[in-house]
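Residue strings, one per chain:
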Amino acid sequence: MHTAGIIVGAFLILIGLLGLIRPELASVMQRFPRSKIAGIGLLSICLIWTVWLLATIQMGEFSGFRRPLLIALPIGYVLVLRFVDEFLAVRALGILCLLAAEPLLDAAFLRYESSRLLITVFAYLLIVAGLFWVSIPYVLRDQINWTARSVFRWRCLNAVAFIYGGVILAFAFTQY
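Residues numbered from 1 in each chain as written. Predicted model: local features only at pLDDT ≥ 70, side-chain atom pairs only at ≥ 80, totals over all residues. Heavy atoms only, no water.

(A) Looking closely at the overall build of the chain. Secondary structure assignment for the chain yields eight helices and zero strands. Start at the N end of the chain and walk to the C end: the helices and strands fall as α-α-α-α-α-α-α-α. Each principal axis of the C-alpha distribution contributes one length, and for the chain these read about 50 × 40 × 20 Å. Within the chain, buried positions represent 33% of all 176 residues. When contacts within the chain are restricted to residue pairs at least 6 apart in sequence, long-range pairs at least 24 apart make up 80% of them. A total accessible area of about 10700 Å² is found for the chain, and carbon and sulfur atoms account for 73% of it. Computing the positive centroid from 14 side-chain charges and the negative centroid from 8, the chain places the two 7 Å apart. (Helix = DSSP H or I, 4+ residues; strand = E, 2+ residues; numbered from the N terminus. Buried < 20%, exposed > 50% of the residue type's maximum accessible area, 1.4 Å probe, protein only. Contact = heavy atoms within 4.5 Å. Areas by Shrake-Rupley, 256 points an atom, 1.4 Å probe, with all protein chains shown as cover. Lys, Arg positive; Asp, Glu negative; His and termini not counted. Charge placed at Lys NZ, Arg CZ, Asp CG, Glu CD.)

(B) How the structure looks around the nonpolar core. Formed by 35 residues in total, the largest nonpolar core has its most connected members in Leu104 and Ile119. At the level of elements, α1 (2-21), α3 (36-56), α5 (88-108), α6 (116-135), α7 (138-148) and α8 (151-174) are the ones that each hand at least two residues to this core. No other element matches the 11 residues that α5 contributes to this core. Leave out the neighbours within four places in its chain, and Ile119 touches Met1, Ala4, Gly5, Leu104, Ile168 and Tyr176. (Core = buried A, V, L, I, M, F, W, Y, C linked by side-chain atoms within 4.5 Å.)

(C) Structural detail: the environment of Asp142. Relative to the helices and strands, Asp142 resides in helix α7. Judged by relative accessible area, which is 36%, Asp142 ranks as partly exposed. Sequence spacing of Asp142 and Ser27 is 115 residues, and the spatial spacing of their C-alpha atoms is 13 Å.

(D) Spotlight on the layout of surface pockets. What the largest pocket holds in volume is close to 1500 Å³. The wall of the largest pocket is formed by 37 residues, among which Phe11, Leu12, Ile15, Phe122 and Trp133 lie closest to the centre. Of all the secondary-structure elements, those providing two or more residues to the lining of the largest pocket are α1, α2 (25-31), α5, α6, α7 and α8. Among the elements that line the lining of the largest pocket, the one with the most residues is α1, at eight residues. The residue inventory of the lining of the largest pocket, partitioned by class, reads 33 nonpolar, four polar and no charged. (1 Å grid on protein atoms, 1.4 Å probe; cavity = no way out; pocket = protein on both sides within 12 Å on 5 of 7 lines; lining within 4 Å. Points joined across faces, edges and corners; volume = space filled by probe spheres on them. Nonpolar A, V, L, I, M, F, W, Y, C, P; charged D, E, K, R; others polar.)

(E) Structural context of the pattern of salt bridges. Going through the model one piece at a time under the given rule, you end up with five salt bridges. Asp85 serves as the salt-bridge partner of Lys36, at 2.8 Å between the closest nitrogen and oxygen. Within this pair, whereas Lys36 is found in helix α3, its partner Asp85 is found in the loop between α4 (66-83) and α5, the two being separated by 49 residues in sequence. Arg141 serves as the salt-bridge partner of Asp142, at 3.1 Å between the closest nitrogen and oxygen. (Salt bridge = Lys/Arg side-chain N within 4 Å of Asp/Glu carboxyl O.)

(F) Local environment of a nonpolar patch on the surface. Judged by side-chain polarity, Leu17, Ile21, Phe162, Ile163 and Val167 come together as a nonpolar surface patch covering roughly 420 Å² of accessible area. For the nonpolar patch, the elements supplying multiple residues, two or more each, are α1 and α8. Among the elements that take part in the nonpolar patch, α8 stands out by supplying three residues, more than any other. Along the chain, the position of Ile163 falls in helix α8. Using a relative accessible area of 54% as the deciding quantity, one classes Ile163 as exposed. (Patch = residues over 30% accessible without salt bridge, like charges linked within 9 Å, V, L, I, M, F, W, Y side chains within 5 Å.)

(G) Highlighting the environment of Leu118. Structurally, Leu118 can be placed in helix α6. For Leu118, a relative accessible area of 18% corresponds to the buried category. For Leu118, the residues in contact, after removing those within four places along its chain, are Tyr164, Val167, Ile168, Phe171 and Tyr176.

Written out as C-alpha cells, the structure is:
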C-alpha cells in the first residue's frame, strides 16, 4: 500500500502541478481525444500490460483459455488499430484506467486503516471513468472542453488533483 500511495500521490501531484503552472496545456488536452499517435501508444501499453497479466495470473479452472487469449490479444490489437479510428486515444486511456485500478484495489485489500479509502476511492473513480471512456468516448472530449472553457475551471480541477495527491502522498509516508 505504501508503494501504491507513493505512485498515485506523485502522479496526481505531477498532473495537478503541470495544470496549475501551465494552463495553456488545456489546448493540448483538447486535441488528445482524436490523437492517433496517443491512441496507438496507449493501446500498445495496454496490450503489453494485458499480455503480461494474462501470462502471469492464476486462472484456476480457466487456465485452458490462456493460450487462445494470448493469441487473440495481438489479433484484436491489430483489428482495433485498423478499424477503430474514432477516439482511439480515449478508448485506450479508458482501458488503461481499468488496468491501473486492479493493483490499487489489490494494495488496499484486507487493510484496515481508514486512510486506505483514499486509494480505493481513486481506483473506483478510475473504473467508472474507464468504463465511460471505453463505451462512450465522446464524454472525455466533452469533459475536457468543459474544463478548458475557462482558466478558473482548469486551475480548480488541477488544484483538486494536486491536493488529493498531496494527501495520498502524506498518508503513504505516515500511515501505510
